[in-house]
Amino acid sequence: SERHYVVGLDLAERTATVGPLEDLLVSEIRVLDMRWVSGPLPAGAPIEAQMSAHGRIAPGYWGEGIVSLREPVRRVAPGQAVVLYLPDPQGGDLVVGGGAAA
């Protein structure tokens, strides 16, 4: 049998919608309350994003409050941290900012 996941909640109706893993995947993450280490990145800047302390780093692009990912990832919970890195060709990544998922 196929696994199902909670893909939506309606608190007013006290209902949950379930669906396959594909229904949890997103290609963009809206980020609120960005805090920059050395000033904001220009729109279109290549970045790497990490959405949880132990989550994998996902390559993408920064664009005016939205992280556009090259490959879909599991949807990020509202309020969860989103940390942006600049890829470093010599190893390691440089943190450039972070905020909270919308």
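Before reading further, recall that the structure is shown in the block above.
This section reports on the structure supplied with the text. (Residues numbered from 1 in each chain as written. Predicted model: local features only at pLDDT ≥ 70, side-chain atom pairs only at ≥ 80, totals over all residues. Heavy atoms only, no water.)

Looking at the environment of leucine 41
Then comes step 1: Take leucine 41: it is sitting in the loop between β3 (25–36) and β4 (46–50).
Then comes step 2: The buried category is assigned to leucine 41, whose relative accessible area is 15%.
Then comes step 3: As for leucine 41 and glycine 63, which are separated by 22 residues in sequence, their C-alpha atoms are 8.4 Å apart.
Then comes step 4: Leave out the neighbours within four places in its chain, and leucine 41 touches Trp36, Ile47, Trp62, Leu86 and Val96. (Helix = DSSP H or I, 4+ residues; strand = E, 2+ residues; numbered from the N terminus. Buried < 20%, exposed > 50% of the residue type's maximum accessible area, 1.4 Å probe, protein only. Contact = heavy atoms within 4.5 Å.)

Focus: the nonpolar core
Here is a general trend for soluble globular proteins: nonpolar side chains tend to be buried in one another's company.
Then comes step 1: One finds Ile29, Met51, Trp62, Val67, Val82 and Leu84 to be the most contacted residues of the largest nonpolar core, which totals 18 residues.
Then comes step 2: Every element with two or more residues in this core is listed here: β3, β4, β5 (57–63), β6 (66–74), β7 (81–87) and β8 (93–101).
Then comes step 3: Apart from residues no more than four positions distant in its own chain, valine 82 is found in contact with Ile29, Val31, Gln50, Met51, Val67, Gly97, Gly98, Gly99 and Ala101. (Core = buried A, V, L, I, M, F, W, Y, C linked by side-chain atoms within 4.5 Å.)

Describing a nonpolar patch on the surface
Then comes step 1: Together, Val6, Leu9, Leu11 and Val18 line one region of the surface with nonpolar side chains, adding up to about 440 Å² of accessible area.
Then comes step 2: On the secondary structure map, leucine 9 appears in strand β1 (residues 5–10).
Then comes step 3: Accessibility expressed as a relative area gives 62% for leucine 9, which makes it exposed. (Patch = residues over 30% accessible without salt bridge, like charges linked within 9 Å, V, L, I, M, F, W, Y side chains within 5 Å. Areas by Shrake-Rupley, 256 points an atom, 1.4 Å probe, with all protein chains shown as cover. Salt bridge = Lys/Arg side-chain N within 4 Å of Asp/Glu carboxyl O.)

Quick notes on the pairing of β4
Strand residues, when the strand is regular, have side chains that alternate between the two faces of the sheet.
Then comes step 1: In terms of burial, β4 is largely enclosed, as four of its five residues are buried.
Then comes step 2: Direction of pairing for β4 relative to β5: antiparallel, over a ladder of five bridges. Residue glutamine 50 lies in a different strand from β5, and its bridge partner there is isoleucine 57.
Then comes step 3: Connecting β4 to the antiparallel partner β5 that follows it, the hairpin turn spans six residues.
Then comes step 4: Relative to β7, β4 runs antiparallel, the two sharing three bridges. By the bridge assignment for β7, alanine 49 is matched with leucine 84. (Pairing = 2+ DSSP bridges.)

Points about unusual backbone geometry
Then comes step 1: We note that aspartate 33 has phi near 55°; this positive angle belongs to a residue other than glycine.
Then comes step 2: By the element assignment, aspartate 33 lies in strand β3.
Then comes step 3: The exposure class assigned to aspartate 33 is exposed, which follows from its relative accessible area of 58%.
Then comes step 4: We note that glutamate 64 has phi near 45°; this positive angle belongs to a residue other than glycine.
Then comes step 5: Take glutamate 64: it is sitting in the loop between β5 and β6.

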